[in-house]
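Descriptive analysis of the structure
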Amino acid sequence: MGSSSSSYAPKTIYLDVDGKVQKVVFSGHCSPCDIKELLCSSSNIPRNTAIMLMDPEGALVSIDPTMPTNSPNSLYKVVPLSTGQIGEKEDMFQNVLSQVADQFSRAFRINELKSEVTNRLAMLEKRVELEGLKVVEIEKCKNDLRKLRDEMTSRGGGRVNCPCKYNFDDGKKVTPRRDVPNYPKYTLSQETIEALKKPTFDVWHWEHNEMLSCLEYMYHDLGLVKEFNMNPITLKRWLLAIQENYRSNPFHNFRHCFCVSQMMYGMINLCNLQEKLTLTDMGILMTAAVCHDLDHPGYNNTYQINARTELAVRYNDISPLENHHCAVAFQILSLPECNIFANVDPEAYKQIRQAIITLILATDMARHGEILDSFKQKADNFDFTNEEHVTCLKMVLIKCCDISNEVRPTEVAEPWVDCLLEEYFMQSDREKSEGLPVAPFMDRDKVTKPTAQIGFIKFVLIPMFETVMKLFPQIEEIMVQPLRDSRDHYEELKQIDDAMTEEAQKKKTENMSIGGKKKSLLL
C-alpha cells in the first residue's frame, strides 16, 4: 500500500515562463493530455496547442505522470510547435518508417533469393547426376550393340554391316574441336590461284592440307567469310571436321569432295555467277558441294535398299545416302566451334539450311531425269529474279559439278574412272556374295572402261551441260567440247577393244577348226 500511494503522490515541476519561475503541481492520476493542458494554462499558451517540454540543456522531456521532477534551479521550458514543425516531424517519422520497411523488405528478399538459389542448385545437381547416369547407360548400350553386331557378323549376318562411320560402325562421332586448327598452311601462288578457277585444274597433285587451304581460300575469295561474318578459325575447324568425315573409299572420298567444290568454284567464275546470283546463293552452292557426299560408305543407294541397311530403313528407301550426307553436314554445323553460320540471323539460317538440303538431295542420280526436264522447261525463258528458276539452276549446277570429271583433261579424268570402277566392283562382289541383284555396269565380268563411259557421257553428261550452255554459252569451249572429245576417245577405245575381241574370237574359231581336222585325220 505504501508504494502504491507514493506512486500517485502529487508531483511538482518548475517552469520558466517569460523569465519567471512558475510552479506546477499535478496528481499522479493525471493523463498526458491533462498534464499538457495544465502546462499550456500555466505558460499562457492556448489550449490544444501542440507543445514540447525541454530541460535546460535542450533535451526533450516526456510529458506524462512519470516525467522527472526538477528544481527551481533547473527550470523546464514549454515550447509551442507550429504546423510546419509538426509536418516536418511527421515527415521525418514517415521517412524513418519507410527506411525501416525497406530494410525489412531487403532482408526478406535476400532470404527469398537464397532460397531460390539453393533450390536451383539442388535441381542442377540432380540433373547432372541424371545426365551422368544417362551417359553411362548410353555407353553400355553401345557396347552391347557392338557385341551383338560382331556376333551377327560372325554368324554370317554380314548384310547388316554397311555401317555409317558417323553413328553405327566404330562409334566414331563428330567431336568438338576447341583447339586452334593447326593443319600446315599452304601458301597459294598466283599461278595456283588462277588455275583454281578453271576446270582444267589437276586435283591429283595436292595433299590434304593443301586442298584444305585451297577450300579456305575459295571462301575468302568469294566474299563468303565477310558476307556470313564467319570466324576464320571456325572456318578452319569446320573444314577439318569435313575432311575427317569423308571415308577412304576408292572414289567417294575427300579428294572427290575437293574436286566437286573446285569445279563449283570454277563454274562460278567462268559463268560470272557473282553478277547474277546473291552471295547467299554462292555460300549455299559452295557449302552444298563441300558436304554433298559426307560419310559415304562406298555402296550406293541400290545396295542400301536391296540390303535393307540401317540407312535405307531410317530414310524409308528415299535417297538414303543423300539424306545421310545432309544429316552429317548439319551435325557438324551444330557444333558451336564448327558452325560457320553462327552469326547468321536465325530466319536466314533456316532458309540457307533448307537450300543446302535441297541441293544435296538433288545429287541422287535417281532424280536426274526429273530435275533436268524441269530445267529444260525453264532454260529458254530463264528469269534470274524468279526464285523457283534460280533454285532449279543451283540444283543443276551441283549435279554438273558432282559428275564433271570428264570435263577435265584426259590425264586428270581417267584415273577417276579407275577409282569409280574399283568401288563399283567392290559393291558388285559383295552383292554376289549376299545374293543381291547386280547392275551390269558394276559387274567386273561384264563392264569395261569404254562401255562404262560412253553411254554416261552421251546420254547424261552432254545433254545436261548443253542445256546449261543455253544460259552460259561461254562453257561450250571449256566444258562441253572436252565432253565431246572424251566421248570420241572412249568410242575409239571401244572400237579397238571390239576389234581385239573379234580377232581373238576368230583365232579361237580357227584353232577349234584345225583341232577338228586333226582329229578326223587321226580317225
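What counts and how
- Residues numbered from 1 in each chain as written.
- Predicted model: local features only at pLDDT ≥ 70, side-chain atom pairs only at ≥ 80, totals over all residues.
- Heavy atoms only, no water.
- Helix = DSSP H or I, 4+ residues; strand = E, 2+ residues; numbered from the N terminus.
- Expected span 1.5 Å × (residues − 1).
- Buried < 20%, exposed > 50% of the residue type's maximum accessible area, 1.4 Å probe, protein only.
- Contact = heavy atoms within 4.5 Å.
- Polar contact = N/O pair within 3.5 Å; in protein donor to acceptor, adjacent residues only side chain to side chain.
- 1 Å grid on protein atoms, 1.4 Å probe; cavity = no way out; pocket = protein on both sides within 12 Å on 5 of 7 lines; lining within 4 Å.
- Points joined across faces, edges and corners; volume = space filled by probe spheres on them.
- Core = buried A, V, L, I, M, F, W, Y, C linked by side-chain atoms within 4.5 Å.
- Phe/Tyr/Trp six-rings, centres within 6.5 Å; stacked < 30°, edge-to-face > 60°.
- Lys NZ or Arg CZ within 6 Å of the ring centre and 35° of its normal.
- UniProt positions renumbered as here; feature names shortened; annotations may be inferred.
- Axes fitted to C-alpha atoms, helices over the stretch in contact; angles between N-to-C directions.
- Parallel < 35°, antiparallel > 145°, perpendicular 65-115°, else oblique.
- Left-handed = near helix turned anticlockwise from the far one by under 90°.
- Nonpolar A, V, L, I, M, F, W, Y, C, P; charged D, E, K, R; others polar.
- Disulfide = S-S within 2.5 Å.
- Salt bridge = Lys/Arg side-chain N within 4 Å of Asp/Glu carboxyl O.
- Bend = angle between axes of the 7 residues up to and from the residue.
- Pairing = 2+ DSSP bridges.

1. A word on helix H13 (residues 346-361)
Within an α-helix, residues lying three or four positions from one another point in the same direction, as the helix has 3.6 residues per turn. Taking 1.5 Å per residue as the helical rise, H13 with its 16 residues ought to reach 22 Å, and the 23 Å between its terminal C-alpha atoms agrees with that figure. Residues Ile-352, Ala-355, Ile-356, Ile-357, Leu-359 and Ile-360 constitute the buried set of H13. Buried positions along H13 lie against helix H9 (279-291), helix H12 (320-333) and helix H15 (387-402). Capping the start of H13, Asp-345 holds a side-chain oxygen 3.1 Å from the backbone nitrogen of Glu-347, two or three residues further along.

2. What about the layout of surface pockets?
In this structure, the largest pocket occupies an estimated 1,100 Å³ of space. As for the largest pocket, its lining consists of 41 residues, of which Met-365, Leu-420, Tyr-424, Phe-441 and Phe-456 are closest to the centre. Those elements that provide at least two residues to the lining of the largest pocket are helix H10 (301-306), H12, helix H16 (410-434) and helix H17 (449-471). Per-element accounting of the lining of the largest pocket gives the leading share, 7 residues, to H16.

3. Focus: the nonpolar core
Note on soluble globular proteins: their nonpolar side chains tend to be buried together. With 106 residues, the main nonpolar core has Tyr-219, Trp-238, Ile-242, Phe-465 and Ile-475 as its most contacted residues. The biggest single contributor to this core is helix H8 (residues 254-270), with 11 residues. Not counting residues up to four positions away in its chain, the partners in contact with Trp-238 are Tyr-219, Thr-287, Val-290, Cys-291, Ile-332, Leu-333, Cys-338 and Ile-340. Ile-13, Leu-15, Val-17 and Leu-53 belong to the second largest nonpolar core, which has 16 residues in total.

4. Quick notes on the packing of aromatic side chains
This structure, assessed with the given rule, holds 13 aromatic pairs. Ring plane angle 50° and centroid distance 6.2 Å describe the contact between Phe-341 and Tyr-349, whose orientation is recorded as tilted. The class of Phe-341 is buried, set by a relative accessible area of 3%. Following the ring pairs from residue to residue traces out a cluster consisting of Phe-375, Phe-382, Phe-384 and Phe-472. We note Arg-353 situated over the ring of Phe-330; from NZ or CZ to the ring centre the distance is 4.6 Å. In this structure, Arg-430 packs its charged tip against the face of Tyr-299, placed 4.6 Å from the ring centre.

5. Notes on the UniProt feature "binding site: Zn(2+) 1" (unreviewed entry) in the protein
Taken from the UniProt record, the annotation "binding site: Zn(2+) 1" (unreviewed entry) applies to His-256, His-292, Asp-293 and Asp-402. In terms of the greatest pairwise C-alpha distance, the residues named above, spread along 147 residues, form a tight cluster of at most 10.0 Å across. Looking only at the residues we just named, the largest pocket is lined by His-256, His-292, Asp-293 and Asp-402. Overall, His-292 belongs to the buried group, its relative accessible area being 0%. In this structure, His-292 is in contact with Tyr-246, His-256, Cys-257, Val-260, His-325, Ile-360, Ile-398 and Asp-402, ignoring residues within four places of it in sequence. In terms of polar contacts, His-292 uses its side chain to reach the side chain of His-256, at 3.1 Å.

6. As for the packing of helix H5 (residues 208-221) against helix H7 (residues 232-244)
Where H5 contacts H7, the axes come no closer than 10 Å and their chain directions differ by 135°. One finds that H5 runs oblique with respect to H7. In this structure, H5 crosses over H7, and the sense of that crossing is right-handed. Between H5, through His-208, Leu-212, Leu-215, Glu-216, Tyr-219 and His-220, and H7, the contact on the second element is made entirely by Leu-235, Lys-236, Trp-238, Leu-239, Leu-240 and Gln-243. Considered class by class, the residues forming the contact of H5 with H7 number 7 nonpolar, 3 polar and 2 charged.

7. Some details on the state of the cysteines
Scanning all chains against the criterion turns up 0 disulfides. Sulfur of Cys-257: no disulfide; nearest cysteine sulfur belongs to Cys-291 and is 7.6 Å away. Judged by its relative accessible area of 0%, Cys-257 is buried. Among the cysteines around Cys-326, which has no disulfide bond, Cys-291 carries the closest sulfur, lying 8.8 Å off.

8. A short note on the pattern of salt bridges
Where side chains of opposite charge bring their charged atoms close, a pairing between them can arise. For the structure on display, the rule yields 18 salt bridges. Put simply, Asp-498 and Lys-494 hold a salt bridge, and the shortest N to O gap is 3.0 Å. Highlighted residues: Asp-498 and Lys-494, both in helix H18 (residues 475-522), separated by 4 residues, approximately one helical turn. A relative accessible area of 39% places Asp-498 in the partly exposed class. The network of salt bridges with common partners includes Glu-414, Asp-418 and Lys-449.

9. Description of H17
Between its first and last C-alpha, H17 extends 32 Å over 23 residues, near the 33 Å set by a 1.5 Å rise per residue. Helix geometry: H17 is bent most strongly at Ile-457, by close to 45°.

10. Concerning the environment of Asn-44
Within the secondary structure, Asn-44 sits in the loop between helix H2 (32-42) and strand E3 (51-54). For Asn-44, a relative accessible area of 64% puts it in the exposed group. It is 8.3 Å that separates the C-alpha atoms of Asn-44 and Val-17, two residues lying 27 residues apart in sequence.

11. Regarding the pairing of strand E1 (residues 11-17)
Counting buried positions along E1 gives 5 out of 7 residues, so the element sits mostly inside the fold. Note that E1 and strand E2 (residues 20-26) share 7 bridges and pair antiparallel. What sits directly across from Ile-13, in E2, is Val-24. Between E1 and the antiparallel strand that follows it, E2, lie 2 residues; Asp-18 among them carries a positive phi value of about 55°.

12. Examining the environment of Ala-348
Along the chain, the position of Ala-348 falls in helix H13. Given a relative accessible area of 29%, Ala-348 falls into the partly exposed group. As a C-alpha pair, Ala-348 and Thr-280 span 68 residues in sequence and 9.4 Å in three-dimensional space.

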